[in-house]
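Below, each chain spelled out in residue letters.
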Amino acid sequence: FTGAEPWVPERGGLRAVRAALPSCRGCDLWENAEQVVPGDGPARARMMLVGEQPGDVEDKEGQVFVGPAGRLLDKALAEAGIERDTVYVTNAVKHFRFEQRGKRRIHKTPAVGHIVACAPWLRSELAVVKPELVVVLGSVAARSLLGTTFKVTQHRGEPIALPDGTAATATVHPSSVVRSREYRRDFELFVTDLRAAAAMLG
Ligand code: URA
Ligand code: SF4
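Note that the coordinates shown come from a computational prediction; the quantities given were computed from them, not determined experimentally.

Some points on the overall build of the chain
Thought 1: Looking only at helices and strands, the chain features eight helices and seven strands.
Thought 2: Taking 2.2 N^0.38 as the reference for a compact globule, 202 residues should give roughly 17 Å; the C-alpha atoms of the chain span a radius of gyration of 16 Å, in line with that estimate.
Thought 3: Projected onto its principal axes, the C-alpha coordinates of the chain cover approximately 40 × 40 × 30 Å.
Thought 4: The buried share among the 202 residues of the chain stands at 41%.
Thought 5: Counting contacts in the chain only where the partners sit at least 6 residues apart, residues at least 24 apart contribute 70% of the total.

Printed below as a string of structure tokens:
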């Protein structure tokens, strides 16, 4: 893949990013998806949450975290005392990758090539928002922001930093909690990590 770089605007803030995203051909994921799903939230948010990629519902509606994982994230943020509309929420990959099985579209994890191709969009969001803290949700976001050797399960809830020095912390992806067989425990652990994130902001 050539990567998103040629489509990423150099100025114009989040508005320009949003306007340019639908034209991106940085990898092959735009072909089968319904639409691109941009990040959402205040340009001056102190906290940025980075997920994996849009899901089935997000792909149809064009908005981040509005499906089952999004509902869980809303609930967890509320329990952790974080107001969703004060944070900027986005994904490491902006198009939905899936496998068609009959009428159903089954989520497929983005490949490293997709993560790398889409990274310039995430970098541009980071450059505009300049969050004080980045919350890395799951292993795909971790691969994009922290490299391939970082293990979310080993470092969840800890204060870490992105390679450029931005303060960060990592936790699991809310989808993994949705699917968990130990839902109660995993939901509480997720909320605990988000509370720790809120405390890092002070
Ligand atoms: N999972 C994500 O990572 N992002 C979304 O927007 C929805 C589900
Ligand atoms: Fe561009 Fe990212 Fe979509 Fe690939 S997934 S086409 S790089 S916006």
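As for the confidence of the model for the chain
Thought 1: On average, the chain scores 98 in pLDDT, and the residues at 70 or more come to 100%.
Thought 2: Across the assembled chains, the prediction reports ipTM 0.96 with pTM 0.98.

Brief notes about the site of ligand 1
Thought 1: Near ligand 1 lie 13 residues; those nearest to it are Gly51, Glu52, Gly55, Val64 and Ala69.
Thought 2: For the shell around ligand 1, a count of residues per class yields four nonpolar, seven polar and two charged.

Concerning the pairing of strand β5 (residues 133–137)
Thought 1: Among the five residues of β5, five are classified as buried, and the element is accordingly described as predominantly covered.
Thought 2: Residues of β5 alternate between two faces, with Leu133, Val135 and Leu137 on one and Val134 and Val136 on the opposite face, all of them buried.
Thought 3: Of the pairings in the sheet, the one linking strand β1 (residues 47–51) to β5 comprises four bridges and is parallel in character. Paired with Met47 across the strands is Leu133, a residue of β5.

Some remarks on the site of ligand 2
Thought 1: Near ligand 2 lie 15 residues; those nearest to it are Cys24, Gly26, Cys27, His95 and Cys118.
Thought 2: Partitioning the shell around ligand 2 into residue classes produces 10 nonpolar, three polar and two charged.

Parameters and conventions
- Residues numbered from 1 in each chain as written.
- Chains lettered and ligands numbered in written order.
- Predicted model: local features only at pLDDT ≥ 70, side-chain atom pairs only at ≥ 80, totals over all residues.
- Helix = DSSP H or I, 4+ residues; strand = E, 2+ residues; numbered from the N terminus.
- Rg over C-alpha atoms; globule rule 2.2 N^0.38 Å.
- Buried ≥ 20, exposed ≤ 12 C-beta atoms within 10 Å, placed from the backbone.
- Contact = placed C-beta atoms within 7 Å.
- pLDDT = per-residue confidence, 0-100.
- Near = placed C-beta within 6 Å.
- Nonpolar A, V, L, I, M, F, W, Y, C, P; charged D, E, K, R; others polar.
- Pairing = 2+ DSSP bridges.

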